[in-house]
Amino acid sequence: MTLKGKTAIITGSNSGIGLGIARELARAGADVVLNSFTDRPEDHALAQALGAEFGVAARYIRADMSKGADCRALIEAAGGCDILVNNAGIQHVAPLDQFPVDKWDAVIAINLTSAFHTTAAALPGMRARGWGRIINVASAHGLTASPYKAAYVAAKHGIVGLTKTVALETAREPITANAICPGYVLTPLVEAQIPDQMKTHGMGRDEVIEKVMLDRQPSKQFATVEQLGGTAVFLCSPAADQITGTTISVDGGWTAL
Ligand code: NAD
């Protein structure tokens, strides 16, 4: 399976799942555009190294996914987008009545509204070129809830709804829109939650991982960024041509419970 000649834009891809997906799409032959809100030499070096490793064109374009104009400018600057992976995301944990308004706004903007802007900007080009794949990185929290994650759960349920709507609007075209719903994946976003959880529960690292983080993940294993990348590559393959408007869980059984 080759994605040679296709350009993939992956938002929030200088680390974690986004980078993992970018690597697997590049391995499959796609040219890739990495993105985050920073503009450091190491961001550009990351893209250069990825391009060299897989023999594809790879660029890093700075754009802040909390800003609608930046989201649209990213698609414009890439000069073409065949595969759009809306992955950028942040988390904030607090009880609803104490949830800081600025955190609510940021989570909704980055995790949900950014995908509205990038998708709106990318669709005309996909239609003109006659092929497109929109892959939204949602979460098990796009299908189920947890306490204290109101903004995240709302945004992830929202992006599942957005995915379905985009799929219906493109159903007669060779464009698909799907959401990948990961369970817990050990990335910087999750790693950063471990010390807090250790304090809250008075547990060591391994115990927190098994009893708290993977409590709802029956496999008792984290999903990997390579598995998520492989799922994205599958969604770009001809086998997935009729898969649209749905969710694919990569969650070790979480949503089967
Ligand atoms: P991460 O923190 O490693 O990566 C998040 C990425 O988003 C980073 O590249 C970061 O720079 C980028 N980002 C943050 N704010 C941004 C902004 N304003 N503009 C542009 N980029 C921005 O986290 P991750 O775990 O790899 O998360 C990636 C996605 O996967 C998120 O949407 C997250 O909700 C989702 N997810 C993660 C898990 C998990 O267990 N790690 C589970 C389910 C879903």
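Think of each chain on its own: its residues are numbered from 1, step by step along the sequence as written. Predicted model: local features are reported for residues with pLDDT of at least 70 only, side-chain atom pairs are reported and counted for 80 or more only, and whole-chain, interface and lining totals are derived from all residues. Excluded from the side-chain calculation are hydrogens and water; included are all heavy atoms of the structure.

Attention now moves to the packing of helix 7 (residues 194–201) against helix 8 (residues 205–213). Between N-to-C directions, angles cover 0 to 180 degrees, with each direction set by a line fitted to C-alpha atoms, over the stretch in contact for helices. Helix and strand definitions follow DSSP, with helices as H or I runs of at least four residues and strands as E runs of at least two, each counted in order from the N terminus. Interaxial distance between helix 7 and helix 8 falls to 10 Å at its minimum, and their mutual angle equals 85°. Between helix 7 and helix 8, the interaxial angle falls into the category roughly perpendicular. Each of Ile194, Gln197, Met198 and His201 in helix 7 lies in contact with helix 8, whose residues at this interface are Arg205, Val208, Ile209, Val212 and Met213. Its residues assigned to classes, the contact of helix 7 with helix 8 shows six nonpolar, two polar and one charged. An angle counts as roughly parallel when it lies under 35 degrees, as roughly antiparallel when it exceeds 145, as roughly perpendicular when it falls between 65 and 115, and as oblique in every other case. Every residue pair with non-hydrogen atoms within 4.5 Å of one another is taken to be in contact. Lys, Arg, Asp and Glu make up the charged group, whereas Ala, Val, Leu, Ile, Met, Phe, Trp, Tyr, Cys and Pro make up the nonpolar group; the residues left over, Gly among them, are polar.

Only the six-membered ring of Trp is used, alongside the rings of Phe and Tyr, when aromatic pairs are assigned; centres must lie within 6.5 Å, and planes under 30 degrees apart are stacked while those over 60 apart are edge-to-face, with the rest tilted. Applying the stated criterion across every chain yields a total of two aromatic pairs. Any Lys NZ or Arg CZ found within 6 Å of a ring centre and within 35 degrees of that ring's normal is scored as a charge over the ring. Taking NZ or CZ as reference, lysine 6 lies 4.2 Å from the ring centre of tryptophan 131, over its face. In this arrangement the basic side chain of arginine 72 is found over the ring face of phenylalanine 116, its NZ or CZ atom lying 5.6 Å from the centre.

Moving on: the side chain of threonine 11. For threonine 11, the position within the fold is in the loop between strand 1 (7–10) and helix 1 (16–27). What qualifies as a polar contact is a pair of N or O atoms within 3.5 Å, subject to a donor-acceptor requirement within protein and to the restriction that residues adjacent in sequence count only when both atoms come from side chains. A polar atom in the side chain of threonine 11 sits 2.9 Å from the backbone nitrogen of alanine 88.

Each residue is tested against the molecule or strand, and it is near if at least one of its non-hydrogen atoms lies within 4 Å. Contacts to the ligand come from 31 residues, most closely from Asn14, Ser36, Tyr152, Val185 and Thr187. Note that an oxygen atom of the ligand is positioned 2.9 Å from one of the side-chain N or O atoms of lysine 156. Contact distances for the ligand include 2.7 Å between an oxygen atom and a backbone N or O atom of valine 185. Computed on the free molecule, the ligand has an accessible area of 820 Å², of which 93% lies beneath the protein chains in the complex. At the level of elements, helix 1, strand 2 (31–36), helix 5 (150–169) and helix 6 (188–191) are the ones that each hand at least two residues to the shell around the ligand. Of the residues forming the shell around the ligand, the biggest block, three residues, is contributed by helix 6. Grouping the amino acids of the shell around the ligand by side-chain chemistry returns 16 nonpolar, 13 polar and two charged. What fixes the domain bounds is an automatic or database domain assignment. Here the shell around the ligand spans two domains, and each of domain 1 (7–183 + 224–250) and domain 2 (186–222) adds at least three residues to it. Per-residue and other accessible areas were derived by the Shrake-Rupley procedure at a 1.4 Å probe size, with only the shown protein chains allowed to occlude residues.

Soluble globular proteins tend to bury their nonpolar side chains together. Definition of nonpolar core: a set of buried residues of the types Ala, Val, Leu, Ile, Met, Phe, Trp, Tyr and Cys, connected through side-chain atoms within 4.5 Å. When a residue's accessible area, from a 1.4 Å probe over protein chains only, is under 20% of the maximum for its type it is buried; when over 50% it is exposed; and in between it is partly exposed. With 35 residues, the main nonpolar core has Ile21, Leu25, Leu50, Ile83, Val85 and Ile135 as its most contacted residues. Of all the secondary-structure elements, those providing two or more residues to this core are strand 1, helix 1, strand 2, helix 2 (41–54), strand 4 (83–86), strand 5 (132–137), helix 9 (225–235) and strand 7 (247–250). With six residues, the top contributor of residues to this core is helix 1. In this structure, isoleucine 83 is in contact with Leu3, Lys6, Thr7, Ala8, Ile9, Leu25, Met126, Trp131, Arg133, Ile135 and Cys236, ignoring residues within four places of it in sequence. By size, the runner-up hydrophobic cluster in this structure holds 28 residues, among which are Ile9, Ala63, Ile75 and Ile175.

Glancing now at the domain arrangement of the protein chain. Accessible area lost upon the coming together of the parts is a frequently used measure of interface size. Domain annotation of the protein chain identifies domain 1 (7–183 + 224–250) and domain 2 (186–222). For domain 1 and domain 2, the distance between their C-alpha centres works out to 25 Å. On the side of domain 2, seven residues touch domain 1, which itself brings 14 residues to the contact. Two parts placed together each lose some accessible area; with a 1.4 Å probe, that loss summed over both constitutes the buried area. When domain 1 packs against domain 2, close to 590 Å² is buried across both sides, 53% of that on carbon and sulfur atoms. The working definition used for a salt bridge is a side-chain nitrogen of Lys or Arg within 4 Å of a carboxyl oxygen of Asp or Glu. Scanning the region where domain 1 abuts domain 2 turns up zero salt bridges. Here domain 1 is connected to domain 2 by two residue pairs in polar contact (both at pLDDT 80 or more). Split into classes, the residues belonging to the side of domain 1 that touches domain 2 amount to four nonpolar, nine polar and one charged.

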